[in-house]
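What follows is each chain in one-letter form.
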Amino acid sequence: MTTQIETVMHYNYEYEEDEYMNQEEEWDRDLLLDPAWEKQQRKTFTAWCNSHLRKAGTQIENIEEDFRNGLKLMLLLEVISGERLPKPDRGKMRFHKIANVNKALDFIASKGVKLVSIGAEEIVDGNVKMTLGMIWTIILRFAIQDISVEDIVNTPKPDERAIMTYVSCFYHAFAGAEQAETAANRICKVLAVNQENEKMMEEYERLASELLEWIRRTTPWLENRTPEKTMVAMQKRLEDFRDYRRKHKPPKVQEKCQLEINFNTLQTKLRISNRPAFMPSEGKMVSDIASAWQRLEQAEKGYEEWLLNEIRRLERLEHLATKFRQKADAHDTWSYGKEQILQQKDYESASLTEIRALLRKHEAFESDLAAHQDRVEQIAAIAQELNELDYHDAAGVNDRCQKICDQWDRLGTLTQKRREALERTEKLLETIDQLHLEFSKRAAPFNNWMEGAMEDLQDMFIVHSVEEIQSLITAHEQFKATLPEADGERQAIISIHNEVEKVIQSYSLRISANNPYTTVTLDEIRTKWDKVKQLVPIRDQALQEELARQHTNERLRRQFAAQANVIGPWIQTKMEEIARSSVEIGGPLEDQMNQLKQNEQNFINYKHNIDKLEGDHQLLQEALVFDNKHTNYTMEHIRVGWELLLTTIARTINEVANQILTRDAKGITQQQMNEFRASFNHFDRKKNGLMDHDDFRACLISMGYDLGEAEFARTMALVDPNGQGTISFQSFIDFMTRETADTDTAEQVIASFRILASDKPYILADELLRELPPEQAQYCIKRMPAFKGPGAVPGALDYTSFSSALYGESDL
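Rules of the game
Residues numbered from 1 in each chain as written. Predicted model: local features only at pLDDT ≥ 70, side-chain atom pairs only at ≥ 80, totals over all residues. Heavy atoms only, no water. Helix = DSSP H or I, 4+ residues; strand = E, 2+ residues; numbered from the N terminus. Buried < 20%, exposed > 50% of the residue type's maximum accessible area, 1.4 Å probe, protein only. Areas by Shrake-Rupley, 256 points an atom, 1.4 Å probe, with all protein chains shown as cover. Axes fitted to C-alpha atoms, helices over the stretch in contact; angles between N-to-C directions. Parallel < 35°, antiparallel > 145°, perpendicular 65-115°, else oblique. Left-handed = near helix turned anticlockwise from the far one by under 90°. Contact = heavy atoms within 4.5 Å. Nonpolar A, V, L, I, M, F, W, Y, C, P; charged D, E, K, R; others polar. Salt bridge = Lys/Arg side-chain N within 4 Å of Asp/Glu carboxyl O. Arc of directions from axis to C-beta. Lys, Arg positive; Asp, Glu negative; His and termini not counted. Polar contact = N/O pair within 3.5 Å; in protein donor to acceptor, adjacent residues only side chain to side chain. Phe/Tyr/Trp six-rings, centres within 6.5 Å; stacked < 30°, edge-to-face > 60°. Expected span 1.5 Å × (residues − 1). pLDDT = per-residue confidence, 0-100. Core = buried A, V, L, I, M, F, W, Y, C linked by side-chain atoms within 4.5 Å.

(A) Geometry of the overall build of the chain. What the chain contains, in helices and strands, is 29 helices and two strands. When burial is assessed residue by residue, the chain has 44% of its 812 residues classed as buried. A total of about 43,000 Å² of accessible surface is found on the chain, and carbon and sulfur atoms cover 51% of it.

What follows is the structure, given as C-alpha cells:
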C-alpha cells in the first residue's frame with residue numbers, strides 16, 4: 001500500500017538543514033484552532049500513521065489517545081526510520097508513559113529536529129494540539145523533506161498551507177487504503193466468527209462421539225441380568241455398580257449437560273451471525289444422545305434392586321441348602337441299617353417271649369417311623385423350595401431327595417410286611433414285658449422330641465427387623481417353659497428303666513436287661529438331654545446378639561430417614577423455584593443470570609448433604625437392610641432428584657445466556673424482553689415453558705398476523721426447524737426480532753473481497769496475504785476454490801463461491 005502511495009506522488013524537497021529547522025520553528029500552530037482544519041488534520045495524520053503502523057500489524061483509532069503511553073509512537077518511529085529505539089517501559093503508571101514518550105522525543109531530536117513547546121507530559125495528557133504538532137514534525141522530518149511537486153518546486157520556502165496541500169494528496173491516497181482496511185476488517189470479522197463456529201462444531205462432534213461410545217459400552221453391562229452362582233460374585237457385581245454410580249456416571253451426566261449447552265450456544269451464535277443451523281453427523285444429534293441416554297437409564301433402572309434381590313436369594317439358598325444337608329444327614333443317620341433290620345426273619349426261630357418282644361419292638365419302630373414322617377416331608381419341602389429359587393446344585397439336591405423318598409417308601413413297605421408276619425406269629429406268643437413296651441413307647445417320642453429340640457436350637461435364622469427377632473425370642477422362651485414338663489417325662493422314663501432292672505433282679509430272670517423293643521438307651525437319653533441343656537444358653541446368646549444387631553439397623557434406618565425427609569422436600573422446593581423463575585417476568589436478564597448462578601453455587605454447596613446421605617445409605621446396605629418404614633424416599637429417588645436439579649439449573653442458565661446473546665445482538669430492550677415474556681407466558685397454556693402449534697397460531701393472530709396455511713407452515717419451519725411440535729421462548733424471540741438483526745450477509749462479504757481484489761472477479765493469494773492477518777489469509781487460501789471464469793490467471797481464487805458457502809448458499 002505504501003508503494004502505491006509513493007507511485008501516486010513523489011516529492012523531492014531539497015532544503016538546507018537551517019532552512020528546514022527555521023520552517024519548523026515558524027509553523028503557524030494557530031491554524032489548529034480552526035475546528036475544520038483540526039478535523040482535516042486528525043483524519044489525514046491518522047491515515048498517515050496507520051499506513052505505516054499496519055506494516056507492524058497494528059493501527060490507531062484516536063490519535064491523541066493511542067499515543068499517550070508512547071508504545072505505538074515508538075513503534076511508528078521504528079517503522080518509518082528503519083532503526084531500533086530503546087526498549088520501552090511496560091508498566092502502566094504515568095511515569096512509565098512519560099518515559100516512553102521521552103524516548104520517542106529524544107529519538108526525533110537526535111535526527112536534528114528542534115521540538116518547540118512539545119513535552120512528554122502534554123502527549124501523555126492527551127493534548128490534541130501538541131500531539132498533532134508532534135506528528136506534523138515527524139511528517140516534515142521523515143516524509144516531506146525528500147519530495148517535490150510541480151506547483152511548489154520553484155517556491156524557495158513553501159508555507160504551511162502548501163505543505164498541507166501535499167498532505168491532503170496523501171490523505172486521498174490513504175482514503176483508498178482506509179476502504180481496503182475496512183473491507184479487510186469485515187472479512188476478518190466474518191472469518192473469525194466462522195472459525196470459532198467450526199471449532200465449536202468439531203468439539204461437539206468429539207464430545208458426542210465419546211459420550212455415545214461410553215453409553216454403547218455401558219448399556220449392555222447394565223442390561224445383563226444373568227445371576228451369579230455365589231454370594232461373592234454377586235457382591236462383586238454390586239460393588240462394581242456402586243463404583244459406576246459414584247465415580248463413572250456423574251462425570252458423564254456433566255458431559256451430557258455441557259454438550260447440550262454447547263449445542264444450544266452454537267445454534268444461537270449461528271442464528272445471530274446469519275449462518276445456517278448446525279446439523280451434527282448422523283446419529284449424533286442432541287435427540288440421538290438423549291435417546292441413547294434414556295436407554296442407558298432404562299437399563300440402569302431396577303439393576304441395583306435386581307442385584308440386591310439376587311443376593312437375598314443366594315443368601316436364602318445357602319441357608320436352605322445347609323438346612324437340607326443337616327436334615328438329610330440326620331435322616332441318613334436315623335435310617336442307616338433299618339432296611340436290613342426290617343428284612344430279618346428272626347421271628348421264625350424266636351420263643352414266644354422273643355416274638356412278643358419283636359412285635360412290641362416293631363410297634364415302637366412304627367411310632368418312630370410316624371414321628372419321622374414330618375422330617376421327610378420337611379426335606380422334600382426344602383428341596384422343592386431350592387428348585388423354585390433356581391439353586392445352582394438343584395440336580396444334586398433332587399438326586400439326594402429322591403433317594404431319601406425312595407428309601408422312605410421301601411421302609412413303609414417293609415414295615416407293613418414285617419408287622420403282618422409278626423401278627424401272624426403273635427397268637428403263638430404269650431406274655432410281653434409291659435415295662436419294656438411302655439419304656440419303648442415313651443422313650444422313642446421323647447428321643448424324637450430331643451432330636452427335634454436340638455435341631456431347632458441349632459437351626460440358623462435370618463431376620464430383618466426387631467419385631468422378627470422378638471418373635472423368635474418369645475418362641476424360645478415358650479420352649480424353655482416346656483423344659484420342666486420334659487424333665488418330668490425324662491424322670492418317668494428313667495423310672496420305667498429302673499423298674500425293669502428291679503423286676504429282673506427280684507425274680508432272677510435270665511434275660512438281658514436291654515430293652516428288646518427299642519434301640520433308644522438310657523445313656524442316649526441322658527446324653528441328648530445334657531446336649532439340649534447346653535444348647536439352650538447358646539441359643540439365648542445368639543438371639544440377644546441378633547436383637548442388638550437389629551436395634552443397630554433400626555438406628556441406621558432412622559438416621560437415614562431423618563436426612564432423606566429433609567433433602568427430598570428441599571430438592572422438590574428448589575425444582576419448583578427454578579420452574580417459577582423460568583416463566584415469571586423478573587428484572588434484567590443479567591440479574592436473573594446472577595440469581596441463577598447464585599442458586600447453582602448454593603446447590604453445589606448443598607452437595608455435602610447428599611454425600612452424607614450416600615454414606616448412611618451404604619451403611620444400611622452393608623448391614624443388608626433393604627427396607628425403611630420411616631421414610632418414603634429411597635436413595636434412588638434422592639439421586640434422580642439431585643441429578644435433575646443440577647441439569648435443570650444448568651439448562652435454565654444456558655437459556656438466559658442465550659437470551660442475553662440474542663438481546664445484545666438484536667438490540668432488544670429490557671422492556672421489550674418483558675413484553676415478549678408476558679406474551680409467551682399468556683399463550684403457554686400448559687405452563688411448561690413451551691407453546692404448541694395452536695398456542696403459537698393464537699399468539700400470531702392476537703398480534704395481527706393473518707397467515708394462511710402455507711405461510712404458517714413456512715413460519716413453523718423457522719421457529720420449529722426440528723419438527724418437535726413445540727416452540728421455545730428462545731425461538732419465539734428469534735422470530736419476533738428476525739427483521740432487526742444487524743448481521744453480515746454473503747453479498748456484503750463478496751463486496752468486501754471485491755474491494756481487496758481491485759474489482760476483479762477473483763483474488764490472488766498475495767493479495768490475501770497482504771491485506772489479511774496471516775492466520776485468516778491462510779484460512780481463505782486453503783478453502784477458496786480456483787476461479788474458472790473468464791480472464792482467470794494462474795492462482796486465481798473464487799471469492800464469490802467461498803463467501804456464499806459461508807452462509808450456506810452453495811454446495812462448496
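Once the structure has been displayed, the description carries forward.
(B) Broad picture of the packing of helix α23 (residues 693–702) against helix α24 (residues 709–719). Direction vectors running N to C along α23 and α24 enclose 115°, while the axes themselves pass 12 Å from each other. Viewed along their axes, α23 and α24 adopt a mutual orientation that is roughly perpendicular. α23 and α24 meet at a crossing whose hand is right-handed. For the pair formed by α23 and α24, the contact residues are H693, F696, R697 and L700 on the first element and E709, F712, T715, M716 and V719 on the second. In the contact of α23 with α24, the residues fall into five nonpolar, two polar and two charged.

(C) Region of the structure containing the pattern of salt bridges. In this structure the tally under the stated criterion is 53 salt bridges. A salt bridge links R400 to D329; the nearest nitrogen and oxygen atoms lie 2.5 Å apart. Taken together, the residues R400 in helix α15 (residues 394–426) and D329 in helix α12 (residues 303–335) connect sequence positions 71 residues apart. The salt bridge partner of R400 is D332, with a shortest N-O separation of 2.8 Å. Taken as a pair, R400 in helix α15 and D332 in helix α12 lie far apart in primary sequence, 68 residues in all. Classification of R400 as partly exposed rests on a relative accessible area of 25%. Judged by relative accessible area, D332 falls into the partly exposed class, the value being 33%.

(D) Inspection of the packing of helix α21 (residues 635–666) against helix α25 (residues 729–736) at higher detail. Between α21 and α25, whose axes approach to 10 Å, the crossing angle comes to 5°. As the angle between them shows, α21 and α25 are arranged roughly parallel. Residues E655, N658, Q659, T662 and K666 of α21 pack against F729, Q730, I733 and D734 of α25. Considered class by class, the residues forming the contact of α21 with α25 number two nonpolar, four polar and three charged.

(E) Representation of unusual backbone geometry. Phi is positive for S758, close to 55°, though the residue is something other than glycine. With respect to the helices and strands, the residue S758 is situated in the loop between α26 (746–756) and α27 (765–771). Given a relative accessible area of 55%, S758 falls into the exposed group. Despite not being glycine, D759 shows a phi value in the positive range, around 65°. Relative to the assigned elements, D759 resides in the loop between α26 and α27. Take D759: its relative accessible area is 61%, and that puts it in the exposed class.

(F) Quick peek at the environment of P88. Considering the arrangement of structural elements, one finds P88 in the loop between α5 (71–81) and α6 (94–110). Classification of P88 as partly exposed rests on a relative accessible area of 22%. Through-space distance from the C-alpha of P88 to that of A104 is 9.6 Å; in sequence the pair is 16 residues apart.

(G) Looking closely at α26. Among all positions in α26, only A746, V749, I750, S752, F753 and L756 are buried. Take α26 and look down its axis: the buried residues cluster within an arc of 160°, on one side only. Residue S758 follows α26 closely and has a positive phi angle near 55°.

(H) Structural view of the side chain of D720. Relative to the helices and strands, D720 resides in the loop between α24 and β2 (726–728). Buried D720, no salt bridge; nearest opposite-charge side chain is R271, N-O distance 11 Å. Polar side-chain contacts of D720 include one of 2.8 Å to the backbone nitrogen of G725. With residues near it in sequence (within four places) discarded, D720 still touches H693, G725 and T726.

(I) Representation of the packing of aromatic side chains in the model. Counted under the stated rule, the structure contains 19 aromatic pairs. Centre to centre, the rings of F753 and Y799 are 5.8 Å apart; their planes meet at 20°, and the pair counts as stacked. Of this pair, F753 sits in helix α26 while Y799 sits in helix α29 (residues 799–806), placing them 46 residues apart in sequence. Like Y799, F753 is buried.

(J) Representation of helix α11 (residues 286–300). Between its terminal C-alpha atoms α11 stretches 21 Å, which fits the 21 Å expected from 15 residues at 1.5 Å a residue. Restricting attention to buried positions, one finds in α11 the residues I289, A292, W293, L296, A299 and E300. The arc enclosing the buried residues of α11, seen along the axis, measures out at 120°, which places them on a common side. Away from its buried face by more than 90 degrees, α11 exposes Q294, R295 and Q298.

(K) Here's a closer look at the confidence of the model for the chain. Summing up the model confidence of the chain, the mean pLDDT is 79 and the portion of residues at 70 or higher is 85%. Ranking the helices and strands of the chain by mean pLDDT puts helix α28 (residues 774–783) first, with 90, and helix α1 (residues 2–8) last, with 35. Here residues 146–150 is a poorly scored stretch, pLDDT under 50, and it has 14 contacts once near neighbours within four places are set aside; other chains count. Across residues 428–432 the pLDDT falls below 50, and counting only partners more than four positions away or on other chains, this stretch makes 15 contacts in the model.

(L) Expanded view of the nonpolar core. Membership of the largest hydrophobic core comes to 50 residues, with the highest contact counts inside it found for F324 and L386. Sorting the residues of this core by element identifies α9 (160–223), α10 (231–272), α11, α12, α14 (352–388) and α15 as the ones contributing at least two each. Sort the elements by how many residues they give to this core and α12 lands first, with twelve residues. Each residue touching F324, except ones within four places of it in the same chain, is listed here: I379, I382, A383, L386, V397, R400 and C401. Within the second largest apolar cluster, 43 residues are counted, among which are I578, L613, F676 and F696.

(M) Geometry of the environment of V625. For V625, the location among the structural elements is in the loop between α20 (589–622) and α21. Considering only alpha carbons, one finds V625 and H464, 161 residues apart in sequence, at a separation of 7.0 Å. Setting aside chain neighbours within four positions, we find V625 in contact with N553, R557 and L620.

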